Amino acid sequence: MKKYMLSELYEINSGISTKKEQAGYGYPFLSFSIVFNNCFLPDFLPDLMNTSEQERKRYSILKDDVFFTRTSETIEELAMSSVALRDYPMATYSGFLKRLRPITQGIVYGKYIAFYFRNKFFRKMVKNHTSLTLRASFNEDFFSYLYVYLPKYEIQQKIGDFLTNLDKKIALNNQIIAKLEEMAKTLYNYWFLQFDFPNDEGKPYATSKGEMKYSDELKQNIPKSFEVLTLGDILQKNSSPFDYSSIEPTIDLSVMPSSSIALNQLNSSKNFSTNLFRMEEGDILFGSIRPYLKKAGIAPCNGVYVGTIYSYKTKKTNDYNFALMTMCRDTCFNYALQVSQGTRMPVVRNDNLMQYKFAYNAKIAKKFNEVLPIKKVICKKLQENQKLAELRDYLLPMLMNGQVKVK
């Protein structure tokens, strides 16, 4: 294991300064958020920037380049890294990033250093060398203080490839979850919004001119066999208190993603002293504060949730998929915001939320529940990801200090 200063291994460069009128068209562009949220640059850069040939040459992105977030209002967001595993022709990178380009090839293995820069040891070093005025900044002086420990290149390859394989499995699970959620939303839209569920002959009901009736409550036509219900008709609220006798995985608003039913992050009950309640795997969770953030989804495991979240079970098992997708649709969030109290931080009361109305048919809801195993698959994949991430984080420091070796 050999110690290197970062300045011995990389040359540091600032990103491109751009204007608003350049954004949204042109050539691939690497943004702050992509680096912050990804250990490795994704194959596809979603952002575009209209740049010149000279700019694309000067601010290029090549294999083994490392990008750091340059400035932030919090230390936690400073010097988060992402590594390029291939060249990105025609791409440039944001002025809110710093690019570290290897001085010499064959000393640092990209997959290894990507995990090194995100491990607790390096993150602690960053925090110790950061001075916060109004904003933290990753500049040339800061860069000159940082160092890394590198084993032989062949060992870096083994460690980097092993850890990358764990991350690939996590990414694959996330793709499965995303695809299942997309399928569920599409089918829900066809069956319960457009009313093109299969009729007795297996043909789309509405398209096949199925008989409709007008609903005064919903102000629209609905199938003759449907009725109008509220969320309170199909859901019951959970409120079992937590006794704080153990440390449990916890869901609070800070770890709930927006517009996703898959809650893929967990907090810990040790970080809270009050307002915790028991949750069971598969419970439907809904964020009560600022409904416009669209935070709702499936409890990924047994544990606890914070009281700023509402937790529900369906009164009938066959209503699960229908209830989940109904609560997670934009119309429900919009309704929750309309009946919320408060302006700066609107909060929806449970009683008001449960008055949300929709068209319902028990037979079609049952079929929707049978077609897609949403709860089973998503909970299984999220739990698997949690175990893989724990394994990766547990092995990471031992692999890097030589306590554990990859054969």
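Check the entry above for the structure.
Residues numbered from 1 in each chain as written. Predicted model: local features only at pLDDT ≥ 70, side-chain atom pairs only at ≥ 80, totals over all residues. Heavy atoms only, no water.

*Asks:* How would you summarise the overall build of the protein if you had to cite specific residues and measurements?
*Replies:* If you tally the helices and strands in the protein, you get 13 helices and 23 strands. With 407 residues in all, the protein has 48% of them scored as buried. Here the contacts in the protein between residues at least 6 apart in sequence split such that 77% fall between residues at least 24 apart. As displayed, the protein offers around 21100 Å² of accessible surface, 50% of which is attributable to carbon and sulfur atoms. For the protein, the distance from the average site of its 55 positive side-chain charges to the average site of its 41 negative ones is 2 Å. (Helix = DSSP H or I, 4+ residues; strand = E, 2+ residues; numbered from the N terminus. Buried < 20%, exposed > 50% of the residue type's maximum accessible area, 1.4 Å probe, protein only. Contact = heavy atoms within 4.5 Å. Areas by Shrake-Rupley, 256 points an atom, 1.4 Å probe, with all protein chains shown as cover. Lys, Arg positive; Asp, Glu negative; His and termini not counted. Charge placed at Lys NZ, Arg CZ, Asp CG, Glu CD.)

*Asks:* Break down the layout of surface pockets for me, citing the residues and quoting the values.
*Replies:* In this structure, the second largest pocket occupies an estimated 220 Å³ of space. In terms of lining, the second largest pocket is formed by 17 residues, of which the most central are G282, T314, T317, Y320 and K375. For the lining of the second largest pocket, the secondary structure elements donating two or more residues are β22 (309–314), α9 (320–327) and α13 (374–401). Examining the composition of the lining of the second largest pocket, we find that three residues originate from one element, β22, more than from any other. Here the residues of the lining of the second largest pocket sort into six nonpolar, five polar and six charged. (1 Å grid on protein atoms, 1.4 Å probe; cavity = no way out; pocket = protein on both sides within 12 Å on 5 of 7 lines; lining within 4 Å. Points joined across faces, edges and corners; volume = space filled by probe spheres on them. Nonpolar A, V, L, I, M, F, W, Y, C, P; charged D, E, K, R; others polar.)

*Asks:* Give a description of the packing of aromatic side chains that names residues and reports values.
*Replies:* Within this structure, the stated rule accounts for 29 aromatic pairs. Seen in terms of ring centroids, Y188 and F322 are 5.9 Å apart; in terms of plane orientation they differ by 40°. Their pairing is tilted. Of this pair, Y188 sits in helix α7 (residues 153–193) while F322 sits in helix α9, and the two are 134 residues apart along the sequence. With respect to class, Y188 is no different from F322; both count as buried. With a centroid separation of 5.3 Å and 65° between ring planes, the pair formed by F322 and F358 is classed as edge-to-face. Residue F322 is found in helix α9, and its partner F358 is found in strand β23 (residues 357–360); the two are separated by 36 residues along the sequence. Aromatic ring contacts, followed pair by pair, group Y188, W191, F192, F322, Y335, Y356, F358, Y360 and F368 into a single cluster. The residue whose ring lies beneath K3 is Y147, and the NZ or CZ to ring-centre distance is 4.1 Å. Positioned over the ring face of Y88 is R86, at 4.0 Å from the centre of the ring. (Phe/Tyr/Trp six-rings, centres within 6.5 Å; stacked < 30°, edge-to-face > 60°. Lys NZ or Arg CZ within 6 Å of the ring centre and 35° of its normal.)

*Asks:* Help me get a handle on the sheet that holds strand β2 (residues 10–14), residues and values and all.
*Replies:* Pairing in this open sheet of four strands is antiparallel, and the strands run β2-β9-β5-β7 from one edge to the other. Looking at the sheet topology across the chains shown, the edges are occupied by β2 and β7 (81–83). Ignoring which end each strand starts from, the neighbouring axes of this sheet average 25° apart. The pairing of strand β5 (residues 66–69) with β7 spans three bridges and is antiparallel. The residue of β7 that forms the bridge with V66 is V83. Across the sheet, helix α4 (residues 110–118) touches β2, β5 and β7, and the angle it forms with β7 is around 170°. (Pairing = 2+ DSSP bridges. Axes fitted to C-alpha atoms, helices over the stretch in contact; angles between N-to-C directions.)

*Asks:* Break down α9 for me, with residues and values.
*Replies:* With eight of eight residues buried, α9 is to be regarded as a mostly interior element. Looking at α9, one finds that the buried residues are Y320, N321, F322, A323, L324, M325, T326 and M327.

*Asks:* Provide a residue-level description of the sheet that holds strand β15 (residues 235–238), including the pertinent values.
*Replies:* Here four strands make up an open sheet; going across it, the order is β15-β22-β19-β20 and the pairing antiparallel. Looking at the sheet topology across the chains shown, the edges are occupied by β15 and β20 (296–298). Strand-to-strand, the axes of this sheet are offset by a mean angle of 30°, without reference to chain direction. Direction of pairing for strand β19 (residues 284–287) relative to β20: antiparallel, over a ladder of three bridges. Directly across from L285, in β20, lies its bridge partner G297.

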